[in-house]
Amino acid sequence: MYVIRVYACVVVMMLCMSCGTPEADRESALEDSYALLDAEIARSGVYEKEKEDRIGRLRLQCAGEDDEQLRTDIINSLIDEFAAYKSDSALYYINLNLRRPEILSKPGEYTRLLIKRADVFAHAGLFSDALSLMQKIPRDSLDSHESLLEDYYSTYCAAYQYLCEYANEHETARGHEQRRALYADSLSKVVDKASFNCILVTSESARDGNPEDAIKFLHTYLKKYPSGTREYSILASTLAYIYKITGEKEKYKRYLVASAISDVRGAVKENMSFREMATIMFEEGDIERAHRYLKKSIADANFYSALMRNTQSTKILPLIDDAYATLQNKLTGKLRAMIWIVSIISCILVIMILFILKQFKSLHRANDRINSANEKLSALSEKLKTINDELRDSNRTKEQYAGLFMEYCSSAISTLRSYQQSLRILAAQGANRAVLLKKLESSEMADELLSNFYEKFDEAILNIYPSFVEKFNALLIPDYRVVLKSGELLNTELRLFALIRIGINDSPKIAHFLCCSISTVYTYRSKMRKRAIDPDNFENEVKEIG
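What you see as residue numbers is a count from 1 along each chain, following the sequence as written. With the structure being a predicted model, the display of local features is reserved for residues of pLDDT at least 70 and the display and counting of side-chain atom pairs for 80 or more, all residues being used for whole-chain, interface and lining totals. The side-chain values count all of the structure's non-hydrogen atoms but skip hydrogen atoms and water molecules.

Chemist: Could you clarify how one ought to interpret the overall build of the chain in this entry?
Modeler: Under the DSSP-based scheme used, a helix requires at least four consecutive residues in state H or I and a strand at least two consecutive residues in state E, with every element numbered from the N terminus. Across its full length, the chain carries 24 helices and 0 strands. Only protein chains enter the accessibility calculation, which uses a 1.4 Å probe. A residue is then buried if its area is under 20% of the maximum for its type, exposed if over 50%, and partly exposed in between. Counting the 546 residues in the chain, one finds 36% classified as buried. Contact definition: two residues touch when any of their heavy atoms are within 4.5 Å. A sequence separation of at least 24 residues applies to 62% of the contacts in the chain between residues at least 6 apart. Of the roughly 32,300 Å² that the chain leaves accessible, carbon and sulfur atoms contribute 57%. Accessible surface is estimated by sampling points in the Shrake-Rupley manner with a 1.4 Å probe; for residues, cover comes only from the protein chains shown.

Chemist: Is there a simple way to think about the pattern of salt bridges in this case?
Modeler: Two side chains of opposite charge can pair, provided their charged atoms sit close to one another. One side-chain nitrogen of Lys or Arg within 4 Å of one carboxyl oxygen of Asp or Glu is enough to make a salt bridge. Summed over all chains, the structure comprises 25 salt bridges. Between R112 and E109 there is a salt bridge; the shortest N-O distance is 2.5 Å. Taken together, the positions of R112 and E109, both in helix α6 (residues 107-124) and 3 residues apart, correspond to about one turn of that helix. Exposure remark for R112: the relative accessible area of 26% places this residue in the partly exposed category. A relative accessible area of 22% means that E109 is categorised as partly exposed. Note that E177 and R180 form a salt bridge whose closest N and O atoms lie 3.0 Å from each other. One end of the pair, E177, and the other, R180, are both in helix α9 (residues 171-190), 3 residues apart, so they sit about a helical turn from each other. Taken together, the salt bridges that share partners define one network made up of E31, D38, D286, R289 and R292.

Chemist: Before we go on, may I ask you to explain the packing of aromatic side chains in this structure?
Modeler: Geometry of an aromatic ring pair is reported as the spacing of the ring centres plus the angle between the planes. Two rings from Phe, Tyr or Trp (for Trp, the six-membered ring) form a pair when their centres sit within 6.5 Å of each other. Planes less than 30 degrees apart are called stacked, planes more than 60 degrees apart edge-to-face, and all others tilted. One pass over the structure, following the stated rule, counts 21 aromatic pairs. Each ring, one from F453 and one from F513, has its centre 4.9 Å from the other, and the planes form 65°; the classification is edge-to-face. Of the two residues, F453 sits in helix α19 (residues 444-464) while F513 sits in helix α22 (residues 507-514), which places them 60 residues apart along the sequence. Classification of F453 by relative accessible area gives buried; the value is 17%. Among the aromatic side chains, those forming a connected cluster through ring pairs are F82, Y85, Y92, Y93 and F303. Criterion for a charge above a ring: Lys NZ or Arg CZ within 6 Å of the ring centre, and within 35 degrees of the ring normal. Directly above the aromatic system of F303 lies the positively charged group of K269, at a separation of 5.2 Å from the ring centroid.

Chemist: Honestly, the nonpolar core in this entry has me stumped. Any pointers?
Modeler: Inside soluble globular proteins, nonpolar side chains tend to come together where they are buried. F82, I137 and Y152 are the most contacted members of the largest nonpolar core, which totals 48 residues. Of all elements in the fold, only α2 (44-64), α3 (68-83), α4 (87-98), α6, α7 (127-135), α8 (146-167), α10 (196-202) and α16 (287-304) reach the threshold of two or more residues within this core. Among the elements that make up this core, the one with the highest residue count is α8 (10 residues). Ignoring sequence-local partners within four residues, the contact set of I137 consists of T111, L114, I115, L142 and Y152. Residues grouped as a nonpolar core are buried Ala, Val, Leu, Ile, Met, Phe, Trp, Tyr and Cys residues, joined through side-chain atoms within 4.5 Å.

Chemist: What is the right way to read the packing of helix α21 (residues 492-501) against α22 from this model?
Modeler: The geometry of a pair of packed helices is captured by two quantities: the angle between their axes and the separation between those axes. Axis geometry follows a simple rule: fit a line to the C-alpha atoms, using only the stretch in contact for helices, then measure angles between N-to-C directions, giving values from 0 to 180 degrees. At a minimum axis separation of 11 Å, α21 and α22 run at an interaxial angle of 135°. Regarding the angle of α21 to α22, the classification is oblique. The handedness of the crossing between α21 and α22 is right-handed. Only I510, F513 and L514 of α22 make contact with α21, whose side of the interface consists of T492, R495, L496, L499 and I500. Angle categories: roughly parallel below 35 degrees, roughly antiparallel above 145, roughly perpendicular from 65 to 115, and oblique for all the rest. Each crossing is labelled by how the near helix is turned from the far one, with a counterclockwise turn of less than a right angle marking it left-handed and a clockwise turn marking it right-handed.

Chemist: Could you clarify how one ought to interpret α6 in this entry?
Modeler: One full turn of an α-helix is made of 3.6 residues, so residues set three or four places apart face in the same direction. Take the residue count of a helix, subtract one, and multiply by 1.5 Å to get its expected span. Compared with an ideal rise of 1.5 Å per residue, which puts 18 residues at 26 Å, α6 spans 26 Å between its outermost C-alpha atoms and is within 8% of the ideal. Here α6 has its buried residues at G108, T111, L113, L114, I115, A118, D119, V120, F121, A122, H123 and A124.

Chemist: I tried to follow unusual backbone geometry on my own but got confused; where do I start?
Modeler: With a phi close to 55°, A267 is a non-glycine residue in the positive phi region. With respect to the helices and strands, A267 occurs in the loop between α14 (249-265) and α15 (273-284).

Chemist: Looking at this structure, I do not really get a positive patch on the surface. What am I missing?
Modeler: Together, K358, K361, R365 and R369 make up a region of like positive charge exposed at the surface. Its place among the elements puts R369 in helix α17 (residues 307-428). With relative accessibility at 54%, the residue R369 sits in the exposed group. Here, patches come from residues exposed beyond 30% relative accessible area and free of salt bridges, joined within 9 Å for like charges and within 5 Å for nonpolar side chains (Val, Leu, Ile, Met, Phe, Trp, Tyr). The sign given to each residue is positive for Lys and Arg and negative for Asp and Glu; His and the chain ends receive no count. The location of each charge is read from NZ of Lys, CZ of Arg, CG of Asp or CD of Glu.

Chemist: Would you explain the environment of Q135 in this entry?
Modeler: If you trace the backbone, Q135 turns up in helix α7. A residue is classified by how much of its surface remains accessible, and Q135, at 59% relative accessible area, is exposed. In the structure, Q135 is positioned 21 residues away from Y156 in sequence and 9.9 Å away in space, judged by C-alpha atoms.

Chemist: What is the right way to look at the side chain of K51 in this model?
Modeler: Summarising the element assignment, K51 is placed in helix α2. Residue K51 is classed as buried on the basis of its relative accessible area of 8%. N or O atoms closer than or at 3.5 Å make up a polar contact, with two conditions inside protein: a donor-capable atom paired with an acceptor-capable one, and, for residues adjacent in sequence, both atoms drawn from side chains. There is a polar contact of 2.9 Å between the side chain of K51 and the backbone oxygen of E81.

Chemist: When you look at helix α13 (residues 230-246) in this model, what are you seeing that I'm missing?
Modeler: Over its 17 residues, α13 runs 25 Å from end to end, which matches the ideal 24 Å to within 8%, given 1.5 Å per residue. Buried residues of α13: Y232, S233, L235, A236, S237, T238, L239, A240, I242 and Y243, and no others. The positive-phi residue at the C-terminal boundary of α13 is G247, with phi of around 85°.

Chemist: Even after reading the chapter, I still don't get the confidence of the model for the chain, so can you show me in this structure?
Modeler: Caution applies to low-pLDDT regions: their predicted coordinates should not be interpreted in detail. Averaged over all residues, the pLDDT of the chain is 81; the fraction at 70 or higher stands at 82%. Segment residues 1-19 is flagged for pLDDT under 50; beyond a separation of four residues in sequence, or across chains, it makes 0 contacts in the model. The pLDDT score gives, residue by residue, the confidence of the prediction method on a 0 to 100 scale.

Chemist: What exactly am I supposed to notice about the packing of α22 against helix α23 (residues 518-531) here?
Modeler: The N-to-C vectors of α22 and α23 enclose an angle of 105°; their axes lie 8 Å apart at closest approach. Overall, the two elements α22 and α23 adopt an arrangement that is roughly perpendicular. Note on element contacts: α23 touches α22 through I518, V521, Y522 and R525, opposite S507, P508, I510 and A511. Residues belonging to the contact of α22 with α23 are distributed by class as follows: 6 nonpolar, 1 polar and 1 charged. Residues are grouped as follows: Ala, Val, Leu, Ile, Met, Phe, Trp, Tyr, Cys and Pro are nonpolar; Asp, Glu, Lys and Arg are charged; every other residue, Gly included, is polar.

Chemist: Just checking my understanding: could you explain the environment of K86 for this structure?
Modeler: Structurally, K86 can be placed in the loop between α3 and α4. Accessibility expressed as a relative area gives 25% for K86, which makes it partly exposed. K86 sits 220 residues away from A306 along the chain, and the two C-alpha atoms are 8.8 Å apart.

Okay, structure coming up:
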């Protein structure tokens, strides 16, 4: 049951996605077109430089050309370059050609240039000059020149079309539209099926309620011109206009963007696409783009000297400017808020960093204290170890002393018992009093006990301090070092200082131990100090022998 519910959810999600995908794709494609337009605007300087380079080359050719006909052709090329780029320059080269004898001698060419001049006037918004110039051209003189008649009617159509756009919803716009329709009808009767004007005439069917035929026809021709040409810009703009009439807003925007991109690539300054794009962006709430496109429209109109385009742009300029100012104010408010937030966060971070640094310093000090304590502890540990070693040595010494004492006592007791037994034997044998007295007065037993005691004492000292003799001699001047006799462990002098080493420092006690007088002890001590390398510290150094 759970699996079925999951499967149903997945199916519903896929259906929802499939239903929403085409619309999302269209929006994405349109956004991609806007992004491409923005990128092309950023590169507009490159296209304009290419345009200026072409114009510069034509000017150089014109200046260095001696053939009058070729020079006329070059000037005509310059007129074509400037026609949608800069009206003042276009008019300059038209007037230059109109004054040339080669043109004056050719009435048809002269009339063509007059019509071209009126067309530039119309594009620049000089409608009265354009219409006045057109009215000076006799209509009857054009019957023998069908191409001129076609240009004549198409120029009138363009002039009244611009007047309609300029007047907009004013009452005069209706009259201008009627005149435009009349000239469009006349144009349709003389237009060459192979000329570009035929395309524009066909688009009139959209006004008459047959947009499908016009759209199909325009799409066919749009494929023949690359983006960046004036023809492509006009065809895309015309298609956008028709889609606007039919209410297909997405296609209207798509082809308007295509026209604008073509205008940028062709460095076309006389355009309406950017003003329309600004309006669309404003209506959709994209104020940033609306402001950017309107600035582009006004800059192009000023560059071209297109009074009508400039006037049209300035009509919506206050609305977009106000919206842009409002947007900037909001962004500024958000920026201020962000700055405050960032400042507060920065302050908090600084405080935290300072706190962390303080903690690090405290931790460092604590580590120093711990290290110091560890060092002291190590020192104490070493000291304790040394003390323990000394205690072990002391304990070992005490044990050896105790062993020596017990062994000596045992030996003395045995000797006394033997002595007592010998006296008892003498008494039992009936020895006279003189023999007993002689036995009692003899020092043989005492000497034997003392000899045994010194022997045990020497063995104990050398067991505890095996290098006692060598280290003792090391404290003496080499010439006065103690030399032991063969078989001798210690002599009287060494025993005296051995007693000092084990802590018996009192001279009377030493004298009693060695069975000698106190003066003898003083004499030995004094004599040895004089023989020492460091007399003042001699006995202290003896106490340090290990």
